[in-house]
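Tertiary structure, described
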Amino acid sequence: MNYFPDEVIEHVFGFITSHKERNAVSLVCKSWYKIERMSRQRVFIGNCYAISPEGVIARFPELKSLTLKGKPHFADFNLVPHDWGGILYPWIEAFAKSRVGLEELRLKRMVVSDESLELLSKSFVNFKALVLVSCEGFSTDGLAAVAANCRFLRELDLQENEVEDHRGHWISRFPESCTSLVSLNLACLKGEINLSALERLVARSPNLKSLRLSRAVPLDALQKILMRAPQLVDLGTGSFVHDPASDAYNKLKATILKCKSIKSLSGFLEVAPRCLSAIHPICHNLTSLNLSYAPGIHGNDLIKLIQHCRKLERLWILDCIGDKGLGIVASTCKELQELRVFPSDPYGVGNAAVTEEGLVAISAGCPKLHSLLYFCQQMTNAALITVAKNCSNFTRFRLCILDPIRPDPVTMQPLDEGFGAIVQSCKRLRRLSLSGLLTDRVFLYIGMYAEQLEMLSIAFAGDSDKGMLYVLNGCKKLRKLEIRDSPFGDTALLMDVGKYETMRSLWMSSCEVTLGGCKTLAKNRPMLNVEIINEDDQIDFSSDDRQKVGKMYLYRTLVGPRKDAPEFVWTL
Amino acid sequence: MSASGSVSTVSRDDNLVLSSEDSSSPDESDLELGLGLSLGGNCGFKLQQQPASGAQYARIFTAKDFPSSSLSSSSSSLSRTNHASAGSKRSADSVANAASSWLFAFTLLANPKFRTYASWGILGILCTILIDMGPTASQVVGWPPIRAYRRNSMANQAKSVATEEYNSMIEKHKRKNGVVEKTTNGSNKNNGTSRTRTSLFVKVNMDGIPIGRKVDLGTHSCYETLAQTLEDMFHRPTTTITGMRSSIQEHDTRVEATRRSKLLDGTSDFVLTYEDKEGDWMLVGDVPWGMFLGSVKRLRIMRTSEATGLAPRLQESSGRQGNKPI
């Protein structure tokens, strides 16, 4: 059906940007496959071990932007040993060798060494954007290399990484000729920063729209920086501690008034609550507010702040806001789309800062809410049913009850019905995390109703293999399934082995799966890597197949067992 | 040209967009759910989900919470990784749990419907469980699911809630004046490797001082530095922000050993002891550091005179330096 010349088709493809859609388009016919692959510029690889760097380059020689994810999600919670893998260097090496014109690199949960950053900075002349989320393995020396060598750097975005801080003025390594910065996020850096170099950098970056500072930047330095960048749209303060009676503080108040474009505010990594009034004047413009790293702000001060934020669409906050504070959010922030409530004291007992009441209030007051992460002390079925009725738009619903197997405290029933209501009502739900006391019944509901579900996180839930089977059979779009401490075993694992090739990955830890079960699965499915993480030499490979496996991670792959697996990881 | 089936399977696989195979229809037989007093397993209850790690939680025990495998808690066929996580003991909960369990048992027995053989069995199990429980193993690895980065940040920030911000502002003004100052020296990691240090905060109490402290064992790599830190902490008791700030700095640096600590060599009036996971009080310094980290729950600086049953060297040298508290 090729009535159009290739250039026309290529032009049409230029409007198709979503990865899923481009994948679909490439399957239509050989000709479209070829055109698509030669014109693809942005490549997303959800599991860096699913394909080799050479394979990516062979198929997409014109790629400019690469997104890579490494470790499994549960690595965030210390469930995956360090040295598990997810190493960046081979990718940079391969790309450098084949002279790919890489311009953007986005990484999540990968091990990034200083050598790889240095190689990156020297190999790609037009490199523009580096975004590292939850990565580790690098120091400020690597950042210095990027600063010094990437002449057209626009974006350096470091989110929640573990960065080793060395002596050195890495910020000063940005040459005087570097004036292209648009986004600079340093919030996760722990060490001191050369403040005057930072100020000069900001001063010569007229396009700077997003700036997030680290804790080492005090309030008076913030004021000087803001004077140079009144055009900022996204600001992350560093330390926000000062004597409210001082000159410096008053100067800051005046400077902030000039920053009329700020829509997104975060930081407050150290905060004196009495200083918060300085930002009240800009609150009415805010669409995004992240106070989740701000320690010790009293609920009342938070409320005073929130009351000015009528346009808020995204709010990340600590649970010291309390149910009462969430009520204020509900009545003030009618545009709210995303809410995350983090625990200020994760191990605190009886610290009932937020309960189901806060969530119900939010659901009643914020009709546009679609993304939720909520840590709380307790939840009831009635509350969840009410939330489901009020808000059927959820695409992401993550509920974490701090006591992982707590039942409904009013009825002492499991929370099956509550979550069931959520999945039944929210037809566009793509991501779900469960907690609380849960039986197989909740999985029956999920299998029945959660048709769009792509990612499911299960912990301490279910009674039998039936639970897992309901999910595997029912959720046709499931891509990532991660389970810990639940009684699912070989029967569930092996019932439908083909399913896993339709998914990105499966994680099961502290379940009932045995070594024999894993071996069977691995034997039947060569397109899967079935990895056993064997810490403390718990499993003897030659021994009993009936032994339970502590941690199993399996994922589909085109390239077979990985060669960089450490000795405690066995690929069966 | 029709969409040809000759598009190679390579490309299909390549896209990782595989058509899902037809799955078997879901089992729709009746679920045997819910709480029933059916006889099964080795206790009278239908077994509810057992938290596989065997840890206890702060909650009211319900009937569903009596797992059979807690009776055989010694058989650790389930993996238990030993990541140091920021710990706070919840010992109060074990009392609460015990109380509520008994309450539940009596409620059960009060109801004639439940006065069966099974419920006496439950009572027996309760006894076994309560005896078995001991000190609450309050931390489950990786729960609550908070990113390690955030967890570490919060642990460090907990100390920086200053009641007198003005003092701390003065402090910072002096030190940070646009000049690069290196207080953190690449020291959040173990030497050379890129390991992330996880916090392990434990309580420290000293005999004679009513208010305790907390120390982050994760910042230390040997007994010397720990004892050093403790000596400084309790020798120079301070409630000013200056003191708090300096202890904050310590938590961001690897403490380096400078001199042999008096707490460790027995020349002091006090000895350093710790409570281990089994609830026993032990003298600090006997086992390798790593093993110590894995079993310590809290520390106590104990008067030597109270430390009966310890090696003779300590009893000999007690009273030698009576002037200094440590």
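Bear in mind that the values here come from a model prediction, so they are computed numbers and not experimental data. (Residues numbered from 1 in each chain as written. Chains lettered and ligands numbered in written order. Predicted model: local features only at pLDDT ≥ 70, side-chain atom pairs only at ≥ 80, totals over all residues. Heavy atoms only, no water.)

Here we look at the overall build of chain B
Secondary structure summary: chain B contains 10 helices and 5 strands in total. At a minimum sequence separation of 6, the contacts of chain B that also span at least 24 residues come to 68%. Carbon and sulfur atoms make up 54% of the accessible area of chain B, which amounts to about 16500 Å² in all. (Helix = DSSP H or I, 4+ residues; strand = E, 2+ residues; numbered from the N terminus. Contact = heavy atoms within 4.5 Å. Areas by Shrake-Rupley, 256 points an atom, 1.4 Å probe, with all protein chains shown as cover.)

A look at the pattern of salt bridges
As enumerated under the stated definition, the model contains 33 salt bridges over all chains in all. E270 of chain A is the salt-bridge partner of R215 of chain A, the closest N and O atoms lying 3.2 Å from each other. Of this pair, R215 of chain A sits in the loop between β9 (210-212) and α9 (219-228) while E270 of chain A sits in strand β13 (residues 270-271); the two residues are 55 residues apart in sequence, bridging distant segments of the chain. For R215 of chain A, a relative accessible area of 21% translates into the label partly exposed. Salt bridges here are not isolated pairs; linked through shared partners, they connect D76, R109 and E160 of chain A together with R147 and R150 of chain B. (Salt bridge = Lys/Arg side-chain N within 4 Å of Asp/Glu carboxyl O. Buried < 20%, exposed > 50% of the residue type's maximum accessible area, 1.4 Å probe, protein only.)

Let's talk about the pairing of strand β3 (residues 270-276) of chain B
All names here are of chain B. Most of β3 is tucked away: 7 of the 7 residues are buried. Residue alternation in β3 divides its side chains into two sets, F270, L272, Y274 and D276 and V271, T273 and E275, and both sets are buried. Of the pairings in the sheet, the one linking β3 to strand β5 (residues 296-303) comprises 7 bridges and is antiparallel in character. Of the residues in β5, the one forming a bridge with D276 is V296. Inspection of the sheet shows β3 paired to strand β4 (residues 281-283) by 3 bridges, in the antiparallel sense. (Pairing = 2+ DSSP bridges.)

Describing the sheet that holds β5 of chain B
All names here are of chain B. On the basis of which strands lie adjacent, the open sheet formed by 5 strands has the order β2-β1-β5-β3-β4 and mixed pairing. For this open sheet the edge positions go to β2 (213-216) and β4, each flanked by a neighbour on one side alone. Going across the sheet, the axis of each strand differs from the next one's by a mean of 35°, ignoring polarity. (Axes fitted to C-alpha atoms, helices over the stretch in contact; angles between N-to-C directions.)

Some points on the side chain of E104 of chain A
Residue and element names in this part refer to chain A. With respect to the helices, strands and loops of the structure, E104 is situated in strand β3 (residues 104-108). A polar contact is formed between the side chain of E104 and the side chain of R106, at a distance of 2.8 Å. Non-local contacts of E104, meaning those with residues more than four positions away in its chain, are made with R42, K64, S65, L66, F127 and A129. (Polar contact = N/O pair within 3.5 Å; in protein donor to acceptor, adjacent residues only side chain to side chain.)

Focus: helix α12 (residues 322-332) of chain A
Residues and elements named next belong to chain A. With 8 of 11 residues buried, α12 lies mostly within the body of the structure. Those residues of α12 that fall on the buried side of the exposure criterion are G322, D323, G325, L326, I328, V329, A330 and T332. Close packing links the buried residues of α12 with α11 (299-306), β15 (314-318), β16 (338-342), α13 (356-365) and β17 (371-376).

Some thoughts on the side chain of T140 of chain A
With respect to the helices and strands, T140 of chain A occurs in helix α7 (residues 140-149). Residues in contact with T140 of chain A, not counting those within four places in the same chain, are V163, E164, D165, H166 and W170 of chain A.

What to know about unusual backbone geometry
One can expect most non-glycine residues to show negative phi and most peptide bonds to be in trans. Residue P144 of chain B follows W143 of chain B across a cis peptide bond; omega there is -5°. Mapped onto the elements, P144 of chain B comes out in the loop between α3 (117-133) and α4 (148-157). Despite not being glycine, D83 of chain A shows a phi value in the positive range, around 65°. Assignment of secondary structure puts D83 of chain A in the loop between β2 (65-69) and α5 (89-97). For F460 of chain A, which is not glycine, the phi dihedral falls at a positive 55°. Along the chain, F460 of chain A falls in the loop between β20 (455-459) and α17 (465-474). Take F460 of chain A: its relative accessible area is 1%, and that puts it in the buried class.

With respect to the environment of M154 of chain B
Tracing the backbone through its elements, the reader meets M154 of chain B in helix α4. Not counting chain neighbours up to four residues away, the residues in contact with M154 of chain B comprise P343, S344 and P346 of chain A together with I146 of chain B.

Observations regarding the packing of aromatic side chains
For the coordinates displayed, the defined rule picks out 22 aromatic pairs over all chains. Between the aromatic rings of F74 of chain A and F77 of chain A, the centroid separation amounts to 5.9 Å while the plane-to-plane angle is 50°, which identifies the pairing as tilted. The pair F74 of chain A / F77 of chain A is uniform in exposure class, with both members buried. Taken together through their ring pairs, the aromatic side chains of Y49, F74, F77, W84, W507, Y553 and Y555 of chain A make up a single cluster. Taking NZ or CZ as reference, R562 of chain A lies 4.2 Å from the ring centre of W84 of chain A, over its face. Seen from the ring of F342 of chain A, R150 of chain B lies directly overhead, with NZ or CZ sitting 3.5 Å from the centre. (Phe/Tyr/Trp six-rings, centres within 6.5 Å; stacked < 30°, edge-to-face > 60°. Lys NZ or Arg CZ within 6 Å of the ring centre and 35° of its normal.)

A look at a nonpolar patch on the surface
Residue and element names in this part refer to chain A. A cluster of nonpolar residues, Y3, F4, V8 and V12, forms a patch on the protein surface that exposes about 450 Å² of accessible area. In this structure, V12 sits in helix α1 (residues 6-13). Residue classification places V12 among the partly exposed positions, given a relative accessible area of 43%. (Patch = residues over 30% accessible without salt bridge, like charges linked within 9 Å, V, L, I, M, F, W, Y side chains within 5 Å.)

Comments concerning helix α2 (residues 19-26) of chain A
Residues and elements named next belong to chain A. Of all the residues in α2, the buried ones are R22, N23, V25 and S26. Mapping the buried residues of α2 onto a view down its axis gives an arc of 160°, with all of them on the same face. Buried residues along α2 sit against α1, α3 (30-39) and α4 (53-59). One side-chain oxygen of the residue at the start of α2 lies 3.3 Å from the amide nitrogen of K20, identifying that residue as S18. (Arc of directions from axis to C-beta.)

Observations regarding the nonpolar core
By size, the foremost hydrophobic cluster in this structure holds 186 residues, and its most contacted members are F95, F397, I446 and L506 of chain A. Those residues in contact with I446 of chain A that sit more than four places away from it in its chain are V423, L432, L434, L453, L456, V471 and C475 of chain A. Within the second largest apolar cluster, 22 residues are counted, among which are L200, V204, L230 and F292 of chain B. (Core = buried A, V, L, I, M, F, W, Y, C linked by side-chain atoms within 4.5 Å.)

Remarks on the environment of V241 of chain A
All names here are of chain A. Relative to the assigned elements, V241 resides in the loop between β11 (239-240) and α10 (247-258). Its relative accessible area of 10% is what places V241 among the buried residues. Note: C-alpha distance between V241 and C275 (34 residues apart in sequence) is 6.9 Å.

Section: the pairing of strand β4 (residues 129-133) of chain A
Residues and elements named next belong to chain A. Summarising burial for β4: 5 of the 5 residues are buried, a large majority. With burial as the criterion, each face of β4 is covered, one bearing A129, V131 and V133 and the other bearing L130 and L132. Sheet topology note: the β3/β4 ladder contains 5 bridges and is parallel. Residue pairing in the sheet places R106 in a bridge with V131 of β4.

Considerations on the confidence of the model for chain B
Residue and element names in this part refer to chain B. Scored by pLDDT, chain B has a mean of 56; 29% of the residues are at 70 or more. Here residues 130-138 is modelled with pLDDT under 50, and outside its nearest four sequence neighbours on either side it reaches 24 contacts, counting other chains as well. In this model residues 312-326 is a low-confidence stretch, pLDDT under 50, and it forms 37 contacts with partners more than four residues away in sequence or in other chains. Here the predicted complex carries an ipTM of 0.89, next to a pTM of 0.69. (pLDDT = per-residue confidence, 0-100.)

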